[in-house]
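The residues making up each chain are set out below.
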Amino acid sequence: MHDLFAILSTVHGCPEVGCRLLIALPRPDANPHAVGLIMSAVPYVGGSMPTFFLTVSIENADDAAARAEFPRALALDCYPTIVQAEKWHAVDETHVGSHGYGRNHWF
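To keep things clear, this report deals only with the structure shown in the data block. Every chain begins its residue count from 1, and numbering advances along the sequence as written. pLDDT decides what is reported in this predicted model: residues at 70 or higher carry local features, side-chain atom pairs at 80 or more are listed and counted, and totals for whole chains, interfaces and linings draw on all residues regardless. To obtain the side-chain values, all non-hydrogen atoms of the structure were used and water was disregarded.

A few words on the environment of Val42. By secondary structure assignment, the location of Val42 is in strand β3 (residues 33-43). Its relative accessible area of 41% is what places Val42 among the partly exposed residues. Sequence spacing of Val42 and Glu16 is 26 residues, and the spatial spacing of their C-alpha atoms is 10.0 Å. Strands are runs of DSSP state E lasting at least 2 residues, helices are runs of H or I lasting at least 4, and numbering of each runs from the N terminus. Remark: exposure states derive from per-residue accessible area (1.4 Å probe, protein chains only) relative to the maximum for the residue type, with buried under 20%, exposed over 50%, and partly exposed in between.

Salt bridge criterion: a side-chain nitrogen from Lys or Arg within 4 Å of a carboxyl oxygen from Asp or Glu. Applying the stated rule across the entire model yields five salt bridges. As a salt-bridge pair, Asp29 and Arg27 come within 3.2 Å of each other at their nearest N and O atoms. The exposure class of Asp29 is exposed, given its relative accessible area of 64%. Measuring nitrogen to oxygen at the nearest pair gives 3.1 Å for the salt bridge that ties Asp63 to Arg67. With Asp63 and Arg67 both in helix α1 (residues 63-69), this residue pair falls four residues apart, about one helical turn. Residue classification places Arg67 among the partly exposed residues on the basis of a relative accessible area of 42%. Within the structure, one salt-bridge network assembled from shared partners comprises Arg20, Glu59 and Glu69.

Below, the discussion takes up the environment of Asn31. One can find Asn31 in the loop between β2 (20-24) and β3. When the C-alpha positions of Asn31 and Thr51 are compared, they lie 23 Å apart, and in sequence the two are 20 residues distant.

On the surface, a cluster of nonpolar side chains totalling about 350 Å² of accessible area is made up of Val11, Tyr101 and Phe107. Position of Tyr101 among the secondary structure elements: in the loop between α2 (82-99) and β6 (105-106). With a relative accessible area of 51%, Tyr101 lands in the exposed category. Like-charged residues within 9 Å of one another, or nonpolar side chains (Val, Leu, Ile, Met, Phe, Trp, Tyr) within 5 Å, are grouped into patches, provided each residue has over 30% relative accessible area and no salt bridge. The accessible surface values rely on the Shrake-Rupley method and a 1.4 Å probe; as for residues, cover is taken only from the protein chains in view.

What follows is the structure, given as structure tokens:
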């Protein structure tokens, strides 16, 4: 499986490489989940709070198994291209400014 990309803004510090987490794979017709593994995490300029650019690989693409393993976790939205991750980060930033929350903004 190819790498996926995410931009995460969080007050909880930089995610650790090797960390397993619940990820979402947003599509226009569905929002499947998977277990992801953080492959790289570097600071990213352009967030309303500390922000990180993440490269994520899929460890287990089974939606039901992923949700069962992380039953109360927020999912990190991951995208197939860097351009899409940056586009949705900009959307999240606007949403945080007007509504106080965004999908990949973890307070």
